[in-house]
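Overview (structure and organization)
Here's the letter readout for the chains.
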Amino acid sequence: MGFDYDILKTRQYWKQEELLYDIWKEHPDILAESIDFAIKNEAESFIPFWYLDHFFYKHEAFYKQWEDVWIWSLEKLSNSSCKRSVLRVLTKKKRNFNEEQAGFLLDFCIRHFSNPFEEIAVVAHCMKITEYLLPRYPELAREVQLILEDLPPKDSAGVRLRTKQLLQVVNRL
C-alpha cells in the first residue's frame, strides 16, 4: 500500500482522521513508519505527534503494542509540542511501567521539570509522572524536594498545583 506520509503534516477533518486511524489499525507497518516519520519531522511540525497522541489515547490496545517505542521516542525529541503529545498519552491513564521504563521516565521527567526553560505543559506532565513513579523510588524523594524548592516560581496555576501535589507525595515518603 502506498501511503503519503506528508498527509500527517496537515490538519485533517475528523472523518479523514478516523480514516487515518483505520489505516493504522489495519497496517501496523504504516503505524511504525508514521512514528518514525513523526520523529524525523518533529522540528518541522508537531502535527504527526498530535495524530499519534489521539490515536493511542483512543486505542489502548495499540498503545500497549507500541508503548516502548512511544516512551523511548522522548529521548529523540527536542520540540516541546512533540514531547507534550507523548507525555499526554502517558499521563492520561494510570500506567504500569516496567522497571526500565519507570527508571527512564523518572530520569527524563526530573531533568525536564527542573529545566527553567522547558515549556509549561511539558513541566506539568513531567511532574505528574514523577508524582506517580516516585513512591517506587523513595530514595529520590529528598533530591526531588530540593529541586522543587530551588525552582523559580511559575506563572502557571497548573504547574503550581503540580508542584504542591508532588511535594505532598515527597512528604509522605
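Residues numbered from 1 in each chain as written. Predicted model: local features only at pLDDT ≥ 70, side-chain atom pairs only at ≥ 80, totals over all residues. Heavy atoms only, no water.

Within soluble globular proteins, side chains that are nonpolar tend to cluster in buried spots. Residues Trp24, Leu31, Phe56, Trp70, Leu90, Leu105 and Phe113 are the most contacted members of the largest nonpolar core, which totals 58 residues. Counting residues per element, this core draws most heavily on helix 6 (residues 99–113), which supplies eight residues. Discounting chain neighbours no more than four positions away, the residues touching leucine 105 are Ile71, Leu74, Leu90, Phe97, Ile129 and Leu133. (Core = buried A, V, L, I, M, F, W, Y, C linked by side-chain atoms within 4.5 Å. Buried < 20%, exposed > 50% of the residue type's maximum accessible area, 1.4 Å probe, protein only. Helix = DSSP H or I, 4+ residues; strand = E, 2+ residues; numbered from the N terminus. Contact = heavy atoms within 4.5 Å.)

On to the pattern of salt bridges, then. Scanning the entire structure with this criterion turns up 12 salt bridges. Of the charged contacts in the structure, one is a salt bridge between arginine 88 and aspartate 53, with a shortest N-O distance of 2.3 Å. Remark: aspartate 53 occurs in helix 3 (residues 47–58) and arginine 88 occurs in helix 5 (residues 80–92); sequence separation between them is 35 residues. Its relative accessible area of 2% is what places aspartate 53 among the buried residues. Between arginine 136 and glutamate 99 there is a salt bridge, with the nearest N and O atoms lying 2.8 Å from each other. Here glutamate 99 lies in helix 6 and arginine 136 lies in the loop between helix 7 (120–133) and helix 8 (141–150), a separation of 37 residues in the sequence. Among the residues examined, arginine 136 registers a relative accessible area of 35% and is labelled partly exposed. Salt bridges here are not isolated pairs; linked through shared partners, they connect Asp6, Lys9 and Glu44. (Salt bridge = Lys/Arg side-chain N within 4 Å of Asp/Glu carboxyl O.)

What follows deals with the layout of surface pockets. Estimated volume of the largest pocket: approximately 170 Å³. Along its surface, the largest pocket is lined by Leu90, Thr91, Lys92, Lys93, Lys94, Arg95, Lys128, Ile129, Glu131, Tyr132 and Arg162. Ranked by residues supplied to the lining of the largest pocket, first place goes to helix 7 with four residues. Classifying every residue of the lining of the largest pocket gives three nonpolar, one polar and seven charged. (1 Å grid on protein atoms, 1.4 Å probe; cavity = no way out; pocket = protein on both sides within 12 Å on 5 of 7 lines; lining within 4 Å. Points joined across faces, edges and corners; volume = space filled by probe spheres on them. Nonpolar A, V, L, I, M, F, W, Y, C, P; charged D, E, K, R; others polar.)

Right, let's get into helix 9 (residues 157–172). If you check helix 9, its first and last C-alpha atoms are 23 Å apart, about what 16 residues at 1.5 Å a residue would give, namely 22 Å. Residues of helix 9 that are buried include every one of Val159, Arg162, Thr163, Leu166, Val169 and Val170, and no others. One face of helix 9 carries all of its buried residues, which in axial projection span an arc of 125°. Exposed and facing more than 90 degrees away from the buried side of helix 9 are Ala157, Lys164, Asn171 and Arg172. Against the buried residues of helix 9 lie helix 6, helix 7 and helix 8. (Expected span 1.5 Å × (residues − 1). Arc of directions from axis to C-beta.)

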